[in-house]
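Listed below are the residues making up each chain.
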Amino acid sequence: MADIVPTVLVGLYGWDTKDFIIGPHERPFDDNGDGTIDRNDQRALEAEVGAEHPRVTTVSAAGGKWEVVADLSAWADLIADGTAKRVEIAVMPELQDADAVVLALDAPSRTFDLGANEFADDFYSPIVKVTDGCETCHDALATNYHSPDRGGNIVVCRLCHITKSGGSHLEMQSRSIDSYVHAIHSFQAFDIGDINFAEPVEALHYEHHIGFPYPTHGITDCESCHTPGTNNVPDQSKSLPGLLSASDAVESWDRKIGDVPEYVTGPASRACGGCHRAVMIKEDEAGELTLFNLHTKQGGYLVEGGEDAGATLGTVIDEMMAIFK
Ligand code: HEC
Ligand code: HEC
Ligand code: HEC
Ligand code: HEC
């Protein structure tokens, strides 16, 4: 315990949804005052214990106990007008062994109700099962692409994988964890624009990837991951609108899917489309993809991101959530 170096994260839930209107991993401010918001500025509310951070201060750290203060005053207006009623507080517990190998430890988190000034652990019950779900196939989560101190808890994935970011390694998806996990297990390939389809070995590798079957003989085995009853069309009052990335430019292959713009869309389009779009992308079914997007537009909404997709998303979030206030 004493050797753990924790990173603390605090995310502000939007309204009564399970999604974050302010993600801890975002960089919302020009913290260093150089006139731009970039990698040299700090995360909103994410800091390693002991590190200098404008909003997260370490009070004490000794013998496996830590006291940390997070200053939320930058979002006082969101808290006052009821946009942010709850926060999720999480810890990524980094621990290295004698060989400097980071051990796979679960990242715990708890929900805190700001108005009631107490923990609200029954706020949102788990959508997926990690121990009897993900871990029937994965020994630990997030080890191939992150460090293994982020596992055990999909809410911690969701803290960073917010609906406000489009996917970057996965085209036409959201970085939101529902979209990412569905698309990955439908075997949509990462970074398709970097594949040289004129090179036979690269093209064959791509074919192998997209043809891989989900190990329980079908991705429609929803309960291999889900707790029963959590895989229906999401309640619009419990999940925020989100952003889907544009299509990648694929130079070396004359594919039928053309330029698809960034889209702002709803939680069903994002979660269900995580799989359904992936299938159409893999089969290069441009017509079906257009029809699918039209279908989600008719049953919900699908708005082109335009010049400033973040601003468009902000407008849609405000309009949608006003319905549920
Ligand atoms: C039935 C088996 C199975 C279950 C259950 C499962 N996965 Fe997977 N997962 C896989 C396979 C197979 C891959 C593909 C590995 C590859 O492409 O090399 C994968 C890949 C991934 C990847 C991408 C890894 C990478 O670096 O490419 C992530 C992230 C992931 N899974 C997360 C999860 C999460 C989160 C859950 C639970 C909600 C879960 N998985 C449940 C079998 C499973
Ligand atoms: C501290 C923040 C944070 C946490 C916690 C986190 N991620 Fe990520 N993750 C990111 C960021 C940022 C990226 C980069 C996104 C990009 O480049 O598209 C990323 C990328 C990924 C990718 C894409 C792989 C790649 O090569 O970029 C997968 C898959 C992924 N995360 C899965 C997970 C899963 C599953 C969890 C929970 C077990 C998790 N992440 C927890 C921030 C986080
Ligand atoms: C490989 C694991 C995996 C499989 C298989 C899977 N899901 Fe999911 N699903 C997830 C994850 C992870 C999330 C996000 C959970 C979270 O945010 O806590 C999710 C979220 C969802 C959501 C959004 C729930 C909400 O409240 O917003 C829906 C809807 C959904 N899944 C439907 C399905 C359906 C339908 C199937 C089967 C056809 C399915 N899923 C199969 C991993 C999976
Ligand atoms: C985990 C991946 C996954 C998710 C998430 C998912 N689906 Fe599917 N869905 C599939 C697959 C794969 C099929 C095709 C099954 C087959 O043909 O055997 C399918 C089939 C369907 C069909 C029948 C379509 C037809 O042409 O027969 C409908 C309707 C459908 N899904 C709706 C939804 C809705 C609504 C959601 C979200 C609540 C959803 N799906 C989420 C994978 C998924």
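Chemist: Looking at this structure, how should I read the site of ligand 4?
Modeler: All residues in the neighbourhood of ligand 4 are listed as His 182, Ile 219, Thr 220, Asn 231, Asn 232, Val 233, Ala 271, Cys 272, Cys 275 and His 276. A total of four residues in the shell around ligand 4 trace back to one element, the largest contributor, which is helix α5 (residues 267–282). Along the lines of polarity and charge, the residues of the shell around ligand 4 split into five nonpolar, five polar and no charged.

Chemist: How should the coordination of the iron atom of ligand 3 be read in this particular structure?
Modeler: Geometry sets the ideal angles at a metal, namely 109.5 degrees for four tetrahedral donors and 90 or 180 degrees for six octahedral donors. Within the protein, the atoms that donate to the iron atom of ligand 3 are His 182 (NE2) and His 226 (NE2), at distances of 2.0 Å. Note on His 182: relative accessible area 22%, which makes it partly exposed.

Chemist: I tried to follow the site of ligand 1 on my own but got confused; where do I start?
Modeler: As a matter of local geometry, ligand 1 sits amid 21 residues, with Cys 134, Cys 137, His 138, Tyr 145 and His 185 nearest to it. Residue His 138 places a side-chain N or O atom 2.8 Å away from a nitrogen atom belonging to ligand 1. In the model, a nitrogen atom of ligand 1 is placed 2.8 Å from a nitrogen or oxygen of the His 185 side chain. Classifying every residue of the shell around ligand 1 by side-chain character gives 13 nonpolar, eight polar and no charged.

Chemist: Teacher, can you tell me more about the pairing of strand β4 (residues 56–62) here?
Modeler: Successive residues of a regular strand alternate their side chains across the two faces of the sheet. Pairing geometry for β4 and strand β5 (residues 65–70), over six bridges, is antiparallel. Counted as the bridge partner of Ser 60 is Glu 67 from β5. Where β4 folds back onto β5 in an antiparallel hairpin, the turn is made up of two residues, including Gly 63, whose phi is positive at roughly 60°.

Chemist: Teacher, can you tell me more about the coordination of the iron atom of ligand 4 here?
Modeler: Its sole protein donor being His 276 (NE2), the iron atom of ligand 4 sits 2.1 Å from that atom. Along the chain, His 276 turns up in helix α5.

Chemist: For this particular structure, what's the right way to read the nonpolar core?
Modeler: Ranked by size, the top nonpolar core spans 27 residues in total, and within it Leu 12, Ile 21, Ile 22, Leu 45, Leu 72, Trp 75 and Ile 317 carry the most contacts. Elements with a contribution of two residues or more to this core: β1 (5–13), β2 (20–22) and α7 (309–324). Looking at which element gives the most residues to this core, the answer is α7, with six residues. Built from parts of two domains, this core gets at least three residues from each of domain 1 (5–160) and domain 2 (177–324). Other than its neighbours up to four places away in sequence, Leu 72 contacts Val 10, Leu 12, Leu 45, Ile 79, Val 87 and Leu 114. Within the second largest apolar cluster, 13 residues are counted, among which are Leu 9, Ala 90, Ala 120 and Phe 123.

Chemist: Any chance you could explain the environment of Lys 85 here in plain terms?
Modeler: One can find Lys 85 in the loop between α1 (76–80) and β6 (86–94). According to the relative accessible area criterion, Lys 85 is partly exposed, its value standing at 33%. As a C-alpha pair, Lys 85 and Glu 48 span 37 residues in sequence and 25 Å in three-dimensional space. When near neighbours in sequence (up to four residues on either side) are disregarded, Lys 85 contacts Tyr 13, Asp 16, Phe 112, Asp 113, Leu 114 and Gly 115. Within polar-contact distance, the side chain of Lys 85 engages the side chain of Asp 16 at 3.1 Å.

Chemist: Just checking my understanding: could you explain the pairing of strand β7 (residues 109–113) for this structure?
Modeler: Taken across its five residues, β7 has four buried, putting it largely inside the fold. Two elements, β6 and β7, share five bridges in a ladder whose sense is antiparallel. Residue pairing for β7: Val 87 is matched across the bridge by Phe 112. In sequence, β7 turns back onto strand β8 (residues 118–119) through a hairpin of four residues, with Asn 117 there showing a positive phi of about 55°.

Chemist: Teacher, can you tell me more about the packing of helix α3 (residues 177–185) against α5 here?
Modeler: Relative orientation and spacing of two packed helices are given, respectively, by the angle between their axes and the distance between those axes. Taken N-terminus to C-terminus, the directions of α3 and α5 make an angle of 25°; their axes are 8 Å apart at the nearest point. Here α3 is positioned roughly parallel relative to α5, judged by the angle of their axes. Our pair here, α3 against α5, has a crossing hand that is right-handed. On the side of α3, the interface is formed by Asp 178, Ser 179, His 182 and Ala 183, while α5 contributes Arg 270, Ala 271, Gly 274, Cys 275 and Ala 278. Each residue belonging to the contact of α3 with α5 can be placed in one class, and the counts come to four nonpolar, three polar and two charged.

Chemist: Even after reading the chapter, I still don't get unusual backbone geometry, so can you show me in this structure?
Modeler: Apart from glycine, the bulk of residues carry a negative phi angle, and the bulk of peptide bonds sit in the trans form. For Phe 187, which is not glycine, the phi dihedral falls at a positive 65°. Relative to the elements of secondary structure, Phe 187 occurs in the loop between α3 and α4 (200–210). Phi angles above zero are rare outside glycine, and Asp 284 is one such case at about 50°. With respect to the helices and strands, Asp 284 occurs in the loop between α5 and α6 (286–299).

Chemist: Would you take a moment to explain the domain arrangement of the protein for this structure?
Modeler: Interface size is commonly expressed as the accessible surface area that is lost when the partners come together. Under the domain assignment, the protein is made up of domain 1 (5–160) and domain 2 (177–324). Relative placement of domain 1 and domain 2: their C-alpha centres are 26 Å apart. Opposite the 19 residues of domain 1 that make contact, domain 2 presents 17 residues. Carbon and sulfur atoms make up 64% of the area that domain 1 and domain 2 hide from each other, which totals about 1,400 Å². Three residues stand out in domain 1 for area buried against domain 2, namely Trp 15, Ile 127 and Lys 129, and they jointly supply 33% of the buried area on that side. Put simply, domain 1 and domain 2 have one salt bridge between them. With its nearest N and O atoms 3.7 Å apart, the salt bridge here joins Arg 270 to Asp 19. In this assembly, domain 1 and domain 2 are joined by nine residue pairs in polar contact (both at pLDDT 80 or more). Of all the secondary-structure elements, those providing two or more residues to the side of domain 1 that touches domain 2 are β2 and α2 (154–160).

So, how was this worked out
- Residues numbered from 1 in each chain as written.
- Chains lettered and ligands numbered in written order.
- Predicted model: local features only at pLDDT ≥ 70, side-chain atom pairs only at ≥ 80, totals over all residues.
- Heavy atoms only, no water.
- Near = heavy atom within 4 Å.
- Helix = DSSP H or I, 4+ residues; strand = E, 2+ residues; numbered from the N terminus.
- Nonpolar A, V, L, I, M, F, W, Y, C, P; charged D, E, K, R; others polar.
- Donors = N, O, S within 2.8 Å, 3.2 Å for Na, K, Ca; no water.
- Buried < 20%, exposed > 50% of the residue type's maximum accessible area, 1.4 Å probe, protein only.
- Polar contact = N/O pair within 3.5 Å; in protein donor to acceptor, adjacent residues only side chain to side chain.
- Pairing = 2+ DSSP bridges.
- Core = buried A, V, L, I, M, F, W, Y, C linked by side-chain atoms within 4.5 Å.
- Domains from an automatic or database assignment.
- Contact = heavy atoms within 4.5 Å.
- Axes fitted to C-alpha atoms, helices over the stretch in contact; angles between N-to-C directions.
- Parallel < 35°, antiparallel > 145°, perpendicular 65-115°, else oblique.
- Left-handed = near helix turned anticlockwise from the far one by under 90°.
- Buried area = accessible area lost by both parts, 1.4 Å probe.
- Salt bridge = Lys/Arg side-chain N within 4 Å of Asp/Glu carboxyl O.

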